[in-house]
Amino acid sequence: MPKSKKRSGRAAGGRSKNVQPFSDEESSIETMSRCSSFSDVASVAEDGGEVDEEATQEDFEYKMKGLIELTTDKSAKTRQAALEGLKAGMSSKLLSDFILERRITLTDSIERCLKKGKSEEQCVAASLACLLCCQLGAGIECEEVFRSLAPILRTIICDRSANTQARQACATYLGLCCFIASDDIEDLYSAMECMENVFTKQYHSENGADKCSALHIQALQSWALLLTICHTSEVKKKLDIHLNKLPRLLSCDDVNMRIAAGETLALLFELAREADADFFYEDLEPLTQTLKALATDCNKHRAKVDRRKQRSVFRDVLKAVEEGDFSSESIRFGRERMHIDSWVKRLTYSIFKELFGSGMQYHLLTNVFLRSIFELGPPLLLDKAAMEEMKISRDERHMNNSAAFKARTKARSKLRDKRADVGEFF
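Residues numbered from 1 in each chain as written. Predicted model: local features only at pLDDT ≥ 70, side-chain atom pairs only at ≥ 80, totals over all residues. Heavy atoms only, no water.

1. A few points about the overall build of the protein
So, point 1. On a plain count of helices and strands, the protein comes out with 19 helices and two strands.
So, point 2. For the protein, the proportion of its 426 residues judged to be buried stands at 44%.
So, point 3. Across the protein, contacts joining residues at least 24 apart in sequence account for 66% of those joining residues at least 6 apart.
So, point 4. Accessible area of the protein: about 23,300 Å², with a carbon and sulfur share of 49%. (Helix = DSSP H or I, 4+ residues; strand = E, 2+ residues; numbered from the N terminus. Buried < 20%, exposed > 50% of the residue type's maximum accessible area, 1.4 Å probe, protein only. Contact = heavy atoms within 4.5 Å. Areas by Shrake-Rupley, 256 points an atom, 1.4 Å probe, with all protein chains shown as cover.)

Written as structure tokens, this is what we have:
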């Protein structure tokens, strides 16, 4: 399929005749500000008048076209700002038809930025590749995008000379892209092998003292995500290999690595019990002792925030390992609720939420592919009035936050006062 022609030619010296929407100095600020104003489904003008939705959509798409063209600019700052603008637009709007028409151009731009860009540009380009797959949904077009970009993402992950942050982003988004796009079992196993080659290095690291622990955490989470869509026979093979080695990571110095290892163990036990109702783990007693110690950790040499976070997570992990229990939670979006009732669902939701950011609720409402992953059924048909009813005004949101802040401050002040009567709080 031939590539779409650019809107205008270039004058001598490679300068574009069109005026760029922002300069190099203000590129990132301008790009984000141009995209952030289109995050609402039905926006309302500041003077209270209704905005023509069709005109707004056309204006939005026109600016997105400009950003796509700017991804080929010579200036690295301009390219990165354009990528960030596209990321903001794709995470806040559903643009399936618009993206479908320009997927080849977008794929080529992302490929160039991944190959030639610096670390920050590569990070944004990797996340944009994943958003592109989410916009296209499961299908041939999405799989073609994945097959074009997956080898480049794998190369960056395995390149020890590459920037650690870039490798970390590629590890995150290669796993998610494969989860979304790939129907080929060989692609799935190849991506999992790539992740295993990264995070298994932590098994042999003394006390987990490794400067690449953040990279290993992302690789471990991506591997766990892909394991959730593997066949039962493959799950059993991976359990035999890793279930006895993962507990080593619970002694890492990095609290985030310990938490990631604990959550992965809980996930593996959940998958193991689903695959085999009579599943039995021989070293269950020493593992539960380790988990109990982490769930009640009071070591003063660790930061108080880290200890609190660790204890909260490992209480849930301990329940999952000992009893197969999960503390369910409810996510509300619009007029709907989604129940997170398993470790598989929790991991999937957290990774997609990291990708979409503040646009997660909007995509849960409208994105057919995302709703199919969480078994939410087709999107509800809501008219403009219903959408407006669900929205909370900025003033109302500010008042609610202020009231909550005052109440919290007042309660904490009483608790900090040693002369307060403790009995009145119970």
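That was the structure; now back to the text.
2. Observations concerning empty space enclosed by the protein
So, point 1. Scanning the model with the defined rule gives two cavities of 30 Å³ or more in all.
So, point 2. Here the largest cavity is characterised by a volume of approximately 40 Å³.
So, point 3. Ala129, Cys133, Val145, Phe146, Leu149, Leu153 and Cys177 together form the lining of the largest cavity.
So, point 4. Top element by residues in the lining of the largest cavity is helix H7 (residues 140-158). It accounts for four residues.
So, point 5. Classifying every residue of the lining of the largest cavity gives seven nonpolar, no polar and no charged.
So, point 6. Contributions of two or more residues to the lining of the second largest cavity are made by helix H10 (213-227) and helix H15 (343-356).
So, point 7. Among the elements that make up the lining of the second largest cavity, the one with the highest residue count is H10 (three residues).
So, point 8. In terms of residue class, the lining of the second largest cavity is built from one nonpolar, four polar and one charged. (1 Å grid on protein atoms, 1.4 Å probe; cavity = no way out; pocket = protein on both sides within 12 Å on 5 of 7 lines; lining within 4 Å. Points joined across faces, edges and corners; volume = space filled by probe spheres on them. Nonpolar A, V, L, I, M, F, W, Y, C, P; charged D, E, K, R; others polar.)

3. Some points on the state of the cysteines
So, point 1. Going through the model one piece at a time under the given rule, you end up with zero disulfides.
So, point 2. Cysteine Cys123 remains unbridged, with the sulfur of Cys170 as its closest cysteine sulfur at 7.1 Å.
So, point 3. Lacking any disulfide linkage, Cys177 is separated from the closest cysteine sulfur, that of Cys130, by 3.9 Å. (Disulfide = S-S within 2.5 Å.)

4. Comments concerning the side chain of Glu196
So, point 1. With respect to the helices, strands and loops of the structure, Glu196 is situated in helix H9 (residues 185-199).
So, point 2. With sequence-adjacent residues up to four places away left out, Glu196 is seen in contact with Trp223, Lys238 and His242.

5. Observations regarding the confidence of the model for the protein
Caution is warranted with low-pLDDT regions, since their predicted coordinates should not be read in detail.
So, point 1. The pLDDT averaged across the protein works out to 81; a share of 77% of its residues lies at or above 70.
So, point 2. Across residues 1-50, confidence stays below pLDDT 50; counting only partners more than four residues off in sequence or on other chains, it has 74 contacts.
So, point 3. Note that pLDDT drops below 50 for residues 418-426; the model gives that stretch five contacts with residues more than four away or on any other chain. (pLDDT = per-residue confidence, 0-100.)

6. What about the pattern of salt bridges?
So, point 1. This model, assessed by the stated rule, comprises 13 salt bridges.
So, point 2. Here Lys63 and Asp59 are joined by a salt bridge, their closest N and O atoms 3.8 Å apart. One end of the pair, Lys63, and the other, Asp59, are both in helix H2 (residues 53-70), four residues apart, so they sit about a helical turn from each other.
So, point 3. With relative accessibility at 33%, the residue Asp59 sits in the partly exposed group. (Salt bridge = Lys/Arg side-chain N within 4 Å of Asp/Glu carboxyl O.)

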